[in-house]
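Structural features, examined
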Amino acid sequence: MSKDQGVSRRQFLNYCLTGVGGFLAAGMLAPMIKFAVDPALKKGKAGGNMVPVVDEAVLTGEPSNHGFKYKITDAWLGEQETELTAWIYKEGGQVIALSPICKHLGCTVGWKNDPQKQNRFFCPCHNGLYEKNGKNVPGTPPMNPLDTYQVEVKNGKVYLGLVEPNKIVGGA
Amino acid sequence: MKWKVEDMEQLLGMEEYVDTLLYPVSVSPMDWDVKWIADQFWLEKVSSNVEQNLKGRVFLFQPLCVARNELFLDTTIPFIRQNIKAMSNRFPHRAILTNSKELAEAFQEEGVIAFLLSPTPEEAVTSKRFLEKSLIEANRVIPKLIGVWSQ
Ligand code: FES
């Protein structure tokens, strides 16, 4: 990339991070709050840090996307509720919940949303692919499998907790 | 998301992959009223939803909020244009997300990807329905951005 015109990457990042320049003159800047919202958002806490997300009965072997709220502590805003989503499915009586966050650079993956509609998770940012169990497909940018959520099933309800490294992918 | 100074190295490490600039611009009437807040909140929600889904490739620029008066087109367009131009080497794809039809049309003519936001919902900004609508709106923008990459 030529650096003769425009701004260098460091200049650019300084510009953005410090918020200097003509922005203040032109209007007011508003802070951005990181979060996503899902129509299926559900609120409520179970024992510990596990949150009820979905009825087990609606789950099948096909991953489906579910939203829920979770309390986290953010350096900027202190403790706050954040909205998360998970890809959840059942396999051999076990409930599996995968984080949708791509392990390459953090875009959101979708199920069967690649141009070939394969039985895989696809990341549209740089064409990352993952198997159904979250295993990253070699030859695509992600170097690690999708994380999983802690899962508990109580009284027919699926509860999710913290995200942890994927343990269902052998040898990953 | 709100980048922190300590994220600088991470940002630099992502440089070769982040090739799309998303510039949110909210234009509000000159007379201040609560709609200002709703308009800005709407833009923030939609743009942060887009960014969160595509954060490995999209850089969300600081949102710009403009009070509209008779000089609006003469001052705002050159200002945004110079910002976008300054970053055109760094970002091969440049998109503006705005509630102003005039801005969207002007920048579309200049080859910038322009998304015109749907009107700010009537619901309270804190309501679940408002948040749901912001997700729906983001989901309208996301496939179009992805489509630009595959061209
Ligand atoms: S962020 Fe998913 S492949 Fe790059």
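Since this is a predicted model, take the numbers as computed values, not measurements. (Residues numbered from 1 in each chain as written. Chains lettered and ligands numbered in written order. Predicted model: local features only at pLDDT ≥ 70, side-chain atom pairs only at ≥ 80, totals over all residues. Heavy atoms only, no water.)

Counted according to the given criterion, the structure contains seven aromatic pairs over all chains. Note on Phe 68 of chain A and Tyr 149 of chain A: the rings are 5.4 Å apart at their centroids and 75° apart in plane angle, and the pair reads as edge-to-face. A residue pair is termed long-range when its members are at least 10 positions apart, and Phe 68 of chain A in strand β2 (residues 64-74) and Tyr 149 of chain A in strand β8 (residues 148-154) qualify at 81 residues. Across the pair, exposure class does not vary: Phe 68 of chain A and Tyr 149 of chain A are buried alike. Relative to Phe 91 of chain B, the ring of Phe 59 of chain B has its centre 6.1 Å away and its plane inclined at 40°; by these criteria the two rings are tilted. With Phe 59 of chain B in strand β2 (residues 58-60) and Phe 91 of chain B in the loop between α3 (72-86) and β4 (93-98), the pair connects residues that are 32 residues apart, well separated along the chain. Among the residues examined, Phe 91 of chain B registers a relative accessible area of 1% and is labelled buried. If you follow Lys 154 of chain A out to its NZ or CZ, it ends over the ring of Tyr 159 of chain A, 5.1 Å from the centre. (Phe/Tyr/Trp six-rings, centres within 6.5 Å; stacked < 30°, edge-to-face > 60°. Helix = DSSP H or I, 4+ residues; strand = E, 2+ residues; numbered from the N terminus. Buried < 20%, exposed > 50% of the residue type's maximum accessible area, 1.4 Å probe, protein only. Lys NZ or Arg CZ within 6 Å of the ring centre and 35° of its normal.)

What follows covers the pairing of strand β1 (residues 51-55) of chain A. All names here are of chain A. Within β1, four of the five residues are buried, leaving the element largely enclosed by the surrounding structure. Two elements, β1 and strand β9 (residues 157-164), share four bridges in a ladder whose sense is antiparallel. Counted as the bridge partner of Pro 52 is Tyr 159 from β9. (Pairing = 2+ DSSP bridges.)

This brings us to α3 of chain B. Note on helix geometry: an α-helix contains 3.6 residues per turn, so any two residues three or four positions apart are oriented the same way. Residue and element names in this part refer to chain B. End to end, α3 covers 21 Å across 15 residues, agreeing with the expected 21 Å (1.5 Å per residue, within 8%). Buried residues of α3: Phe 72, Thr 76, Ile 77, Phe 79, Ile 80, Asn 83 and Ile 84, and no others. Along the axis of α3, the buried positions cluster into a sector of 165°, meaning they face one direction only. Structural note: α3 exposes Asp 74 and Lys 85 on the side pointing more than 90 degrees away from its buried face. (Expected span 1.5 Å × (residues − 1). Arc of directions from axis to C-beta.)

This part takes up the confidence of the model for chain A. The predicted model of chain A averages 76 in pLDDT, with 67% of residues at 70 or higher. For residues 1-47 of chain A, every residue scores under 50 in pLDDT, and the model assigns this stretch 114 contacts once sequence neighbours within four places are set aside. (pLDDT = per-residue confidence, 0-100. Contact = heavy atoms within 4.5 Å.)

Turning our eyes to something else, we now look at the pattern of salt bridges. Residue and element names in this part refer to chain B. Scanning the entire structure with this criterion turns up 19 salt bridges over all chains. Put simply, Asp 19 and Arg 57 hold a salt bridge, and the shortest N to O gap is 2.9 Å. Taken together, the residues Asp 19 in the loop between α1 (8-13) and β1 (20-28) and Arg 57 in the loop between α2 (34-53) and β2 connect sequence positions 38 residues apart. For Asp 19, a relative accessible area of 14% translates into the label buried. For Arg 57, a relative accessible area of 13% translates into the label buried. Notably, a salt bridge pairs Arg 129 with Glu 132, separated by 2.8 Å at the nearest N-O pair. (Salt bridge = Lys/Arg side-chain N within 4 Å of Asp/Glu carboxyl O.)

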